[in-house]
Amino acid sequence: MPTFGFFADAGLTVPLAALSSSVSTAGGSADSIIYFGSPDAGKSVTRDGGGELVIQVLDDDPAGGIPASAVRLALSAAGLGSAVGGASLNIGTSRAGGALNALAVFVRVTLGAGSEATFSDLSLNVPDVLEV
Amino acid sequence: MPTTITSHVAPVGVTRMYRLAAGRLLLLGPAGQIYTSDDEGASWDARTSGTSTPFRSAARDGTKVIIIGSGITRISTDNGNTWTSITGLSTGAASKIFFNAGRWHVTVGSGGSYTIRTSLTGLSGSWTSQNLGSGGDLVDIAYDPDAGRWVAVGEYELFYSDSGTAWSACTINVANIMLAAPGIAHNAGTWLVPTEHWGSTVRLLRSADGVVWDAAGAASFTVSSASEDLPTRIGHNGVRWIAAGRNFGASYNDRSRIWTSDDDGLTWQQTWGESSTEGEGFLFEVAVTPAGFFVAGYRGYGGGRAPLQLESADGISWREFESGAEFNRLFVDADSGDVIARWTGAWDSEYSGTTGSATWHRITQEAPPPPAPSIILRLVVSRVSAAHAIALPLAVRRVPPGVVSLPLDVRVLDAAVLGGLDGAAGWAAAPSGRWRAVVVLDGVDVSDRLHGSVSVQIAADAAATAEFSILPAAPLQPLSLIGRAVRIAFAQVDGSNAQTLFSGVVDVPVIDLFSGVVQCRCHDQAQEVWSNTPRETIDALVGGRWHVAVSGEPDDNHAYLQQRIASVGASWALDPLQRPRVIPWSAADRTITVRQADIVDGSLSVDLPSRERLRTRIVCRMQYRYTRLRRRGVVAQYSEPLSFFQPLLSPTGVVLRESRVFLTADMVHGAASAPGGWELQGEIKIAHPPVGEWNLGTGLDPYMYIISPRVAPTLALGFTARYATRWTQSVTEDYTDTVVWPAAETQIGQPVQEEIGATLDAEFDQRDWTFDSSVEPRIVGTAVGDTVIPWQPDGADRAACNEVRRTLLDQAWVRLWSASRSGRVRFALPCRPDLWLDTRVALETSRLRAQGLIADIEHTLDMGSGEAITSISLAVGLPGSTSAAHPEWTLSPPPVDTYSAPASALSFEIGTYVGGTASAPPYDPETMIGFVTNEEGPTVEGREYYPHQLSIRSPGIEAEVRDPLDLAAEVTHEVTVPTDLLEIL
């Protein structure tokens, strides 16, 4: 059973089923910190076929919902300012398990003014993960 | 292998010599003499034998000794002191006696029959006899202790016995054999008997059991008409067999030979031999010693015969031993391992020699040196039936690469639901007044099955909790709910604008058996989350200070968080999405204003900060304990002028005072070389008097005082010596840092204090440092005075001390602030799901104005009544509404030890005391420490004369530098602490 995933805390105790963000109809941004890793220190992940592991912003409904460009990813709070909306985030060729190796990922969702709604068309994906 | 030979002369010719018990030697003479020696042959005691017939064989059992000759027997039961004849035991000229395994045996020679006499006691009347048939004499008996078997050798036959009494003939699978005399040897299951050459080509008989005998080593020996090998004597040293004898050639051209066997006598190799030019030669005695082998024989013939002796450590390499002595019989002394050699009077026969030489020899071979140390690695090679392989199964599983996916749930909230308040009086979160609670249990929305009310409790520095009840659609096991994820949200009645109030897990499910309603008590896993959070993350979130000397080692990282945050004005919690948060008390993420119109009627109340909890000063006691490593150098000095010792004469030559007995260099060395507790540094420097002649009288009446060159170096005018000693002193720096909040003291009217503390120990574990000057840290130098090294290793050094003090000061300031924030303003609002602990609230009502951070919140969603209330407590401190930054501490310097050693502590006490004078007081050894002497001259009755001596008294170590030292430092730090708006109108 895969153990790597996204967590709400740096101790990798609370796995996230979804990342909830709330933005006012007046428009604005919502920042979150999530953690990528595995609570099992004996595990590690690499990318199938080699290369960098990446966190992608996928849009299941490009025609509707909100665009992937509404989401910026960075490895620091300061990095959010210069991050490109919708761009993938490289997180290295491999990641080790254990809380000490948890990777903090900064997420900013920015929406313009709009009507009240709930959007679930976006997700963060780490593809081609081989966990050993 | 150096070998020594010592020659001894006995009182008579030595025909036989034996070792008895208790180190006694037994000597048998050619005319029946019996001698014993208890000093290794240096002297001999004649014993009464009562016969002139020579004895030729002896054996013993402890102190019981039996000797026999031709027709004569004697027994001694007192280790050879007294002897009596044995009745019932007859012997012949070639008889020999043996004792093995509790049996006495006598082989009867010169009888032409194989006869063995046997006894258990050896005493008169105890002997039995067995005649085994005619054919010759029995000449030797050997015993195998492992098999419990005796084997006797005759001229043509062999006999064995397992009882020691009944004998049977052995089977010899060789025809026409003639056995050598005497020659049987046994080692580890192998028996060997050498043969004579007559009528057979076999040179050795070999048996594995002593019963059945076969030829052995035939191919190893030369047997031809011109040259015939004749091994005669055999032995074994536990490693290999050795045989000594000769090669019998034509015209008496015999040549001595030595052979060895490493395969239990099956094959033999010649390891030493003479060439044919040596003339006749024969080796007929072999001694196996602890050091190797010793072989004796002769070379040459007629008047040219000469002794031949050889020795070897291994039986392979031989060297001739140049003894210069002549002997033909050897025995190995069991006590010393030496070879006792003697001359029987004839070269080739044990029995023909009856006179014997009085000179006997002790040959001492030194044991070969132990082999050089070797590093041995045994190679174990196993032959296995078939080669095998080392297999490691490879389990390869083909798996598709996975995808880690996290859905993004983005909610666009109506800006209005986050607004309101500030007197708007509406219900922003549910403008229509209709709402719904949303509960998602383990990913399933169970909102439709909610029963009763839903509540969420959130507090700073605590886990958030929640309770809800559901009526399950189908019966379920409540225990299966434990640990299930729970999310609780408040939404408008149509489900829009849902805002999360709580995320966590079910902790305790409780079922109502009558209604089937399951109540779920939940928490947000705060302790678990913080425990799993790395310290580095906590450090980054919290900041502040932490030191193990202040807090002790925490059980887990949650405890570590609580310890560390005690130095920061902040609280910890998990936010509604279970994310760890640290909430500063002074800088809120959000500030809202609440007015009377916004508040649920009757919900406003205030609890002022209690005097019980308020503090105006915190006393920080910090003890820094370490060890001072101390060295003290001192000096011992003494000096008197030459005139002190010289007599004093008047100008007219009258002796006014006699001379004084001189201090000597020996006295100085005796007193000053090793005073107790002090280590001499360098050498003692002695000032000797000058060499010279002094006329202390007048020209007409001279009085000469002379110090000669020989005497001067033995005298001393004085001396100087330096010493040092080392010890440790424990030091406690006791810091009292009092953090005072003057404004609070003014407001309260008196100080209210609390004490916190910590101890930092710099343990010194070099116990030998005091005694062993090579133990680090070293203190070098020979200076007089004190040298001090404080033992403050990394982790317990001055920087650590300061860090502990700063940590305590930080905690003290936070305690003052925390205590002042004990006031609470409570009120309720229509449910505000957006409010959390990071929100600062300005409360403006007609009766009360207050401002503070939310300390705890409770959301209560009662589906039955339709009420959804948020109850809020604000933490408010002393009135003032002033800000204050975290102080930057200025630490007081370490307290200084001002003590300095007095001069008396750095020098020895050495006085001068002269006796023999009219005014000399009685001698007092307690007080007269130093050089004590007398005036010379005739003794005068009634005067006190002192012992001529030198003593010195070392200085003591003062209590100030020896006893545990406390150094105190007190500092008061005046601070300001943030205050809040709190006005009761």
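Look up a bit, the structure's there.
First things first, this report covers the structure right here in the doc. Just so it is clear, the model here is predicted, and its values are computed rather than measured.

Re the side chain of serine 571 of chain B
All names here are of chain B. With respect to the helices and strands, the residue serine 571 is situated in strand E41 (residues 570–574). Assessed through its relative accessible area of 5%, serine 571 is described here as buried. Of note is the side chain of serine 571, whose polar atom sits 3.4 Å from the side chain of aspartate 461. For serine 571, the residues in contact, after removing those within four places along its chain, are Ala460, Asp461, Ile565, Arg581, Val582, Ile583 and Trp585.

Thoughts on the nonpolar core
Nonpolar side chains tend toward joint burial in soluble globular proteins. Ranked by size, the top nonpolar core spans 89 residues in total, and within it Phe468, Ile488, Phe490 and Phe827 of chain B carry the most contacts. With ten residues, the top contributor of residues to this core is helix H8 (residues 798–820) of chain B.

Focus: helix H4 (residues 557–565) of chain B
All names here are of chain B. Buried residues dominate H4, accounting for eight of its nine residues. Here H4 has its buried residues at Asn557, His558, Ala559, Tyr560, Leu561, Gln563, Arg564 and Ile565. Sitting at the head of H4, aspartate 556 places a side-chain oxygen 3.1 Å from the backbone nitrogen of histidine 558.

What to know about the interface of chain B and chain A
If you look at the interface, chain B gives 30 residues, while chain A gives 47 residues. Interface area for chain B against chain A, summed over the two sides, is near 3,200 Å², with a carbon-plus-sulfur share of 59%. A per-residue breakdown of the area chain B buries against chain A is headed by Val404, Leu406 and Leu408 of chain B, which together make up 25% of the total. There are zero salt bridges connecting chain B and chain A.

A few points about the pattern of salt bridges
Residues and elements named next belong to chain B. Under the definition given, this model contains 46 salt bridges over all chains. With a closest N to O distance of 2.2 Å, arginine 19 and aspartate 333 form a salt bridge. Pair noted here: arginine 19 is in strand E2 (residues 16–19) and aspartate 333 is in the loop between strand E30 (329–332) and strand E31 (339–342), with a separation of 314 residues, a long-range link. The burial state of arginine 19 is the same as that of aspartate 333; both residues are buried. In this structure, aspartate 786 engages arginine 632 in a salt bridge whose closest nitrogen and oxygen atoms are separated by 2.6 Å. Here the residue aspartate 786 occupies a position in strand E55 (residues 785–791), and arginine 632 occupies one in strand E45 (residues 617–639), the gap between them amounting to 154 residues. Under the relative-accessibility criterion, aspartate 786 is labelled partly exposed at 32%. The structure contains a network of salt bridges with shared partners spanning Arg19, Glu40, Asp333, Asp338 and Arg362.

Conventions and cut-offs
Residues numbered from 1 in each chain as written. Chains lettered and ligands numbered in written order. Predicted model: local features only at pLDDT ≥ 70, side-chain atom pairs only at ≥ 80, totals over all residues. Heavy atoms only, no water. Helix = DSSP H or I, 4+ residues; strand = E, 2+ residues; numbered from the N terminus. Buried < 20%, exposed > 50% of the residue type's maximum accessible area, 1.4 Å probe, protein only. Polar contact = N/O pair within 3.5 Å; in protein donor to acceptor, adjacent residues only side chain to side chain. Contact = heavy atoms within 4.5 Å. Core = buried A, V, L, I, M, F, W, Y, C linked by side-chain atoms within 4.5 Å. Buried area = accessible area lost by both parts, 1.4 Å probe. Salt bridge = Lys/Arg side-chain N within 4 Å of Asp/Glu carboxyl O.

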